[in-house]
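Report on the structure
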Amino acid sequence: MNIHFYKYQGTGNDFVIVDNRNGEYSSLTTQQIAHLCDRRFGIGADGLMMLENHADYDFQMKYYNADGREGSMCGNGGRCLSAFARQMGIEKPAVKFIAVDGPHEASFRENGWVNLKMQDVDWIEVGNMYFYLNTGSPHFVKFVTDVQEVDVYEEGRAIRYNERFAAEGTNVNFVQEMDKGIFVRTYERGVEDETFSCGTGVTAAALTAAPAETGEYTIPVETIGGHLEIQFARNGERSFSNIWLCGPATLVFEGNINI
Ligand SMILES: N[C@H](CCC[C@H](N)C(=O)O)C(=O)O
């Protein structure tokens, strides 16, 4: 099978994207998707997305983790797929699409940023030195004093495979508060490694790092792969709305692969 693909990245979280609006890639198997995402034997990516048609939205987002299995919501992926939809001719100042966690909206800025509206959050588990919440994907958030010192692979893996999370898995974020904003490093379920940036993860981290007072906030976030901003309204102790994940989304290259 010959596949025409596009490679995108958003702050170093990278994706293979295919245009599946005519259904030609619907038969891709878990093994084939894992192969396409393999960095040595395939194209290489943290995940694969398909652009699909939907009767009520500009498009539908299908997201698979690098292990080839369908994932929960991917924030950086949603930003990249919106940029891709625009490249494919869905040209509007803002697009509306449906993903596994519900509807989203994305708007395009002149500086090349793609800003993605996330689902409201009204539940956060507050534990001893950690937070656990769902921003479209499940995220464990741990605050640390020096995030560069953390062995994200080993520590993230230990939490992801502990008794509580082993079956379903979780993404694990390590967060350091900076003079302005936060620095976040993430171990991703489904990639089973640290990625350079995780959109739903930095969103989860920003919500938990926000001041306790209700109000509107913009939290600057640094990741290994670059700079993002999270905007939101805090309505109560555990309730947030109008959440926007903002940052760059870039086409890297396109090509063909035979599998
Ligand atoms: N990189 C993604 C998160 C993917 C979530 C995935 N790892 C899962 O838990 O299924 C993001 O930018 O939000």
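Conventions used here
Residues numbered from 1 in each chain as written. Predicted model: local features only at pLDDT ≥ 70, side-chain atom pairs only at ≥ 80, totals over all residues. Heavy atoms only, no water. UniProt positions renumbered as here; feature names shortened; annotations may be inferred. Helix = DSSP H or I, 4+ residues; strand = E, 2+ residues; numbered from the N terminus. Rg over C-alpha atoms; globule rule 2.2 N^0.38 Å. Buried < 20%, exposed > 50% of the residue type's maximum accessible area, 1.4 Å probe, protein only. Contact = heavy atoms within 4.5 Å. Polar contact = N/O pair within 3.5 Å; in protein donor to acceptor, adjacent residues only side chain to side chain. Arc of directions from axis to C-beta. Salt bridge = Lys/Arg side-chain N within 4 Å of Asp/Glu carboxyl O.

Looking at an unreviewed UniProt entry, one finds the chain named Diaminopimelate epimerase, with Chitinophaga niabensis as its source organism. Under Subunit (unreviewed entry), UniProt gives the following word-for-word description of the chain: "Homodimer."

1. Notes on the overall build of the chain
Scanning the chain from terminus to terminus reveals four helices and 17 strands. Taking 2.2 N^0.38 as the reference for a compact globule, 259 residues should give roughly 18 Å; the C-alpha atoms of the chain span a radius of gyration of 17 Å, in line with that estimate. Dimensions of the chain, computed from C-alpha atoms along their principal axes, come out at roughly 50 × 40 × 30 Å. Considering the chain as a whole, with its 259 residues, one finds that 55% of them fall into the buried category. Considering only residue pairs separated by 6 or more positions, the chain has 60% of its internal contacts joining residues 24 or more positions apart.

2. Some thoughts on the side chain of Asn 171
Structurally, the position occupied by Asn 171 is in strand 11 (residues 171-177). Looking at Asn 171, its side chain comes within polar contact range of the main-chain oxygen of Pro 138, at 3.0 Å. Leaving out residues up to four positions away in the same chain, Asn 171 has contacts with Ser 137, Pro 138, His 139, Phe 140, Tyr 187, Glu 188 and Arg 189.

3. With respect to helix 1 (residues 30-37)
When we look at burial in helix 1, the residues that qualify are Ile 33, Leu 36 and Cys 37. All buried residues of helix 1 project into a common sector of 95° when viewed along the axis, lining one side. If you follow the buried residues of helix 1, they end up packed against strand 1 (2-10), strand 2 (13-19), strand 3 (47-52), strand 4 (59-65) and strand 17 (250-258).

4. Quick word on the UniProt feature "binding site: substrate" (unreviewed entry) in the chain
Under the UniProt annotation, the feature "binding site: substrate" (unreviewed entry) is placed at Asn 13, Asn 65, Gly 75, Asn 76, Asn 171, Glu 188, Arg 189, Gly 199 and Thr 200. By secondary structure assignment, the location of Asn 13 is in strand 2. Apart from residues lying up to four places away in sequence, Asn 13 is in contact with Tyr 8, Asp 46, Cys 74, Asn 76, Glu 188, Thr 195, Ser 197, Cys 198 and Gly 199. In this structure, Gly 199 sits in helix 4 (residues 199-209).

5. As for the pattern of salt bridges
Following the criterion strictly, the structure yields 13 salt bridges and no others. Asp 67 is the partner of Arg 69 in a salt bridge, and the nearest nitrogen-oxygen pair spans 3.4 Å. Two residues, Glu 237 and Arg 238, come together in a salt bridge whose shortest N-O distance is 3.4 Å. Since its relative accessible area comes to 34%, Arg 238 is described here as partly exposed. Within the structure, one salt-bridge network assembled from shared partners comprises Lys 7, Asp 14, Arg 39 and Asp 46.

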